[in-house]
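Structural overview
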Amino acid sequence: MTNKSEVEQKVAEFLLQIKAIKLQPNKPFTWASGWRSPIYCDNRVTLSYPAIRTYIRQNLTALIQEEFGSVSLIAGVATAGIPQGALVAQELGLPFAYVRSKAKEHGTGSLIEGNISNGQRVVVVEDLISTGKSSIQAVEALREAGCDVAGLVAIFSYGFDVATENFKAAKCRFSTLSNYNTLIEYAAANALINNDDLNLLREWRNNPSGWNTAA
Ligand SMILES: O=P(O)(O)OC[C@H]1O[C@H](OP(=O)(O)OP(=O)(O)O)[C@H](O)[C@@H]1O
Ligand SMILES: O=C(O)c1cc(=O)[nH]c(=O)[nH]1
């Protein structure tokens, strides 16, 4: 059995260490949802660090086994969920497929790439959950294609209520390796983010969809 809070902290530590956590309060990031944010968690950077990539692969695999038991397919969410999902599928010796954000506009016209079969029990791998919209879109596409979606795992979640509600509405379970609260607590305890930025991040977290909308 993995120690959940140890993994949450270790992943937060790694993300800070490799500067996957980026802060730009004066030049906000625009997220997939359209929200503007002072923070960006770039899990793609983990791929550049073999030891960290391995830790994430092994712990996503353990999470899938603990939460969902036996599955027959791993599916990644394009694009950042693709490499993470492929690594996990390799670890589990399972088939892999991935779901595009929209169907390809030439060639096969596919929305889902790879072979899937009706009734196949699948776990979806995503890198990050903000609103959960991208995740749910992939889950619905797999269901429409006949898959039995056991649930979704991701490296990081901001823990927003809107994501919880979106997953609940879609009747999809999800679990992540780390989350925003752990990240902020770890950064504060180890003086990895200065106090001004910590205050700003805590304030932002109270109303993320409304932050900086006037800018
Ligand atoms: O929970 P949500 O509000 O949907 O946001 C999270 C999504 O945003 C990012 O994808 P993005 O499309 O920005 O980039 P990518 O192609 O690099 O995955 C991230 O990889 C998630 O898929
Ligand atoms: O919501 C997003 O688009 C998003 C936020 C974030 O911190 N990292 C990321 O890759 N995407």
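Cut-off values and rules
- Residues numbered from 1 in each chain as written.
- Chains lettered and ligands numbered in written order.
- Predicted model: local features only at pLDDT ≥ 70, side-chain atom pairs only at ≥ 80, totals over all residues.
- Heavy atoms only, no water.
- UniProt positions renumbered as here; feature names shortened; annotations may be inferred.
- Helix = DSSP H or I, 4+ residues; strand = E, 2+ residues; numbered from the N terminus.
- Expected span 1.5 Å × (residues − 1).
- Buried < 20%, exposed > 50% of the residue type's maximum accessible area, 1.4 Å probe, protein only.
- Arc of directions from axis to C-beta.
- Contact = heavy atoms within 4.5 Å.
- Salt bridge = Lys/Arg side-chain N within 4 Å of Asp/Glu carboxyl O.

Named according to an unreviewed UniProt entry, the protein chain is Orotate phosphoribosyltransferase originating from Hufsiella ginkgonis. In its Function (unreviewed entry) section, the UniProt record describing the protein chain reads: "Catalyzes the transfer of a ribosyl phosphate group from 5-phosphoribose 1-diphosphate to orotate, leading to the formation of orotidine monophosphate (OMP)." A UniProt comment under Subunit (unreviewed entry) is attached to the protein chain, and it reads "Homodimer."

Things to note about the UniProt feature "domain: Phosphoribosyltransferase" (unreviewed entry) in the protein chain
The positions UniProt marks with the feature "domain: Phosphoribosyltransferase" (unreviewed entry) are residues 56-157. Secondary structure within residues 56-157 divides into 36% helix and 29% strand; the distance between the first and last C-alpha atoms comes to 14 Å.

A closer look at helix H3 (residues 81-92)
Taking 1.5 Å of rise per residue, the twelve residues of H3 would be expected to cover 16 Å, and the 16 Å separating its terminal C-alpha atoms lies within 8% of that figure. Along H3, the residues that are buried comprise Gly-81, Gln-84, Gly-85, Val-88 and Ala-89. Down the axis of H3, the sector holding all buried residues measures 135 degrees, keeping them to one side. Considering only its buried residues, H3 is in contact with helix H2 (50-68), strand E5 (73-77), strand E6 (96-99), strand E8 (121-129) and strand E9 (148-157). Among the residues trailing H3, Gly-93 stands out with phi positive, at a value near 65 degrees.

Details of the pattern of salt bridges
Taken as a whole, this structure holds eight salt bridges when the rule is applied. Among the ionic pairs, Glu-91 bridges to Arg-57, the shortest N-O distance being 2.5 Å. Separated by 34 residues along the polypeptide, Glu-91 in helix H3 and Arg-57 in helix H2 bring together distant segments of the chain. According to the relative accessible area criterion, Glu-91 is partly exposed, its value standing at 36%. Residue Arg-57 is classed as partly exposed on the basis of its relative accessible area, which comes to 22%.

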